[in-house]
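Here is what each chain is made of, one letter per residue.
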Amino acid sequence: MGILDAQLQYIIFSIILPAAMIFIIIRWYFDLKFVKIRTWVEAKWLIVTHKRLKNEKKLLFGHLNRMGFGDKLSRRQKSIPLHILEIGVGAGRNFDFYPERAIVTCLDPNSYQESYIKQSIKDAKKRLKFNKFVKGFAEDMKGIEDNTFDIVICTLSLCTVRNPDAALQEVRRVLKPGGKFLFLEHVASPKRTLTRWIQDRIQKVWGYVTGGCHLNCETCTYLDRADFSEVSYQHFNLEFGLVRSWIYGIATK
């Protein structure tokens, strides 16, 4: 038994443990590289998406640059900058639509986005003030106080949220009374269609490759049952392969 124990210890400490450590290091390294690569790919893909959604974004973000909401937020003096939180900010492609002197806070679980965000702020020709980048998830915005923002913005990000109900409750929490939640998202195709059938079947693989995106997310259902005082959205179609149904709109706290 002594010889057997010695051989077993040799196998464990000389072969199994070093192999396990090497596996963990390789897994960590390639996961890290994968995140960096995916961040770069997402940034490039969002440039194309941004161009194709330009008209819808103009309609949505036009509310930030004109008076007419019919509440105290819309009647604020132009000399007072808007405090804006963008969730899932990505590379900051929405900054072009923000009103001048807006104070911008960015929330994203991927810290590698911060360099893209800062570059986008510079490209905005100093029209905007960058407050801070918060690494975190929409479902639990730790470190952000209640009633902080005039506007919360989320485009092409609700599809990746693990708990949309919790995320929308957090949006309501951080908005000031009467504040606005602006959103533009792709949504699940109608049921009993071929596209929806495919979306449901490939969701697991799609979600892994795209960082958690849900092709079949019923975003309208989550918005309708959130406790906003008013929710308004428009449906439109735009084909991006299996992504075909979209919405944009505004919810009021």
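Residues numbered from 1 in each chain as written. Predicted model: local features only at pLDDT ≥ 70, side-chain atom pairs only at ≥ 80, totals over all residues. Heavy atoms only, no water.

Undergrad: Account for the overall build of the protein chain, with residues named and values stated.
TA: The helix and strand tally for the protein chain stands at 6 helices and 7 strands. Ordered by position from N to C terminus, the α and β elements of the protein chain give α-α-β-β-α-β-β-α-β-α-α-β-β. Counting over 253 residues, the protein chain shows a buried share of 42%. Contacts spanning at least 24 positions in sequence make up 72% of the contacts within the protein chain whose residues lie at least 6 apart. A total of about 14,700 Å² of accessible surface is found on the protein chain, and carbon and sulfur atoms cover 58% of it. (Helix = DSSP H or I, 4+ residues; strand = E, 2+ residues; numbered from the N terminus. Buried < 20%, exposed > 50% of the residue type's maximum accessible area, 1.4 Å probe, protein only. Contact = heavy atoms within 4.5 Å. Areas by Shrake-Rupley, 256 points an atom, 1.4 Å probe, with all protein chains shown as cover.)

Undergrad: Go over the pairing of strand 2 (residues 103-108) with me, naming the residues and quoting the values.
TA: The side chains of a regular strand alternate between the sheet's two faces. For strand 2, the tally of buried residues reaches 6 of 6 residues, placing the bulk of the element in the interior. Burial along strand 2 is two-sided: Ile103, Thr105 and Leu107 facing one way and Val104, Cys106 and Asp108 facing the other are all buried. Here strand 1 (residues 83-87) pairs with strand 2 via 5 bridges, running parallel. If you follow His83 over to strand 2, its bridge partner there is Ile103. Sheet topology note: the strand 2/strand 3 (residues 129-135) ladder contains 6 bridges and is parallel. If you follow Leu107 over to strand 3, its bridge partner there is Val134. (Pairing = 2+ DSSP bridges.)

Undergrad: Describe in detail the nonpolar core, supporting the description with residues and values.
TA: Ranked by internal contacts, the top residues of the largest apolar core, which has 30 residues, are Phe61, Phe95, Tyr98, Ile153, Leu182 and Trp246. Counting residues per element, the ones that place at least two in this core are helix 2 (54-61), strand 2, helix 3 (114-123), strand 4 (149-155), strand 5 (175-187), strand 6 (230-240) and strand 7 (243-252). In terms of residue count, the dominant contributor to this core is strand 7 (4 residues). (Core = buried A, V, L, I, M, F, W, Y, C linked by side-chain atoms within 4.5 Å.)

Undergrad: Break down a nonpolar patch on the surface for me, with residues and values.
TA: On the surface, Val205, Tyr208 and Val209 cluster together into a nonpolar patch covering about 340 Å² of accessible area. Mapped onto the fold, Val209 is located in helix 5 (residues 194-209). (Patch = residues over 30% accessible without salt bridge, like charges linked within 9 Å, V, L, I, M, F, W, Y side chains within 5 Å. Salt bridge = Lys/Arg side-chain N within 4 Å of Asp/Glu carboxyl O.)

Undergrad: If you had to explain the sheet that holds strand 6 to someone new, which residues and values would you point to?
TA: Strand order across the open sheet formed by 7 strands is 3-2-1-4-5-7-6, with mixed pairing between neighbours. Each of the sheet's edge strands pairs with one partner strand only, and the pair in question is strand 3 and strand 6. Shown here is a sheet whose adjacent strand axes are inclined to one another by a mean of 15°, direction ignored. Here helix 4 (residues 164-174) sits on the sheet and contacts strand 1, strand 4 and strand 5; the angle it forms with strand 5, its principal contact strand, is near 145°. (Axes fitted to C-alpha atoms, helices over the stretch in contact; angles between N-to-C directions.)

Undergrad: Go over the packing of aromatic side chains, please, and point to the residues and values.
TA: Remark: the centre distance and the inter-plane angle together describe each pair of aromatic rings, the angle taken between the planes. Under the defined criterion, the tally for this structure stands at 7 aromatic pairs. Taking the centre distance of 6.3 Å and the plane angle of 55° together, the rings of Phe61 and Tyr98 count as tilted. Linking Phe61 in helix 2 with Tyr98 in the loop between strand 1 and strand 2, this pair joins segments that are 37 residues apart in sequence. Of the residues examined, Tyr98 reaches a relative accessible area of 2% and is grouped as buried. A ring pair is formed by Phe236 and Trp246, whose centres lie 6.0 Å apart and whose planes are at 20°; its orientation type is stacked. Taken as a pair, Phe236 in strand 6 and Trp246 in strand 7 lie far apart in primary sequence, 10 residues in all. (Phe/Tyr/Trp six-rings, centres within 6.5 Å; stacked < 30°, edge-to-face > 60°.)

Undergrad: Requested: an account of the pattern of salt bridges, with residues and values cited.
TA: Applying the stated rule across the entire model yields 8 salt bridges. With a shortest N-O distance of 3.9 Å, Lys142 and Asp140 are connected by a salt bridge. Residue classification places Lys142 among the exposed positions, given a relative accessible area of 65%. A salt bridge links Asp165 to Arg225; its shortest N-O distance comes to 2.8 Å. You can see Asp165 sitting in helix 4 and its partner Arg225 sitting in helix 6 (residues 219-225), a full 60 residues away along the chain. Looking at Asp165, the relative accessible area reads 29%, which means it is partly exposed. Residue Arg225 is classed as partly exposed on the basis of its relative accessible area of 47%. Members of the salt-bridge network, linked through shared partners, are Asp146, Glu170 and Arg173.

By themselves, these figures tell us nothing about what the structure is for.
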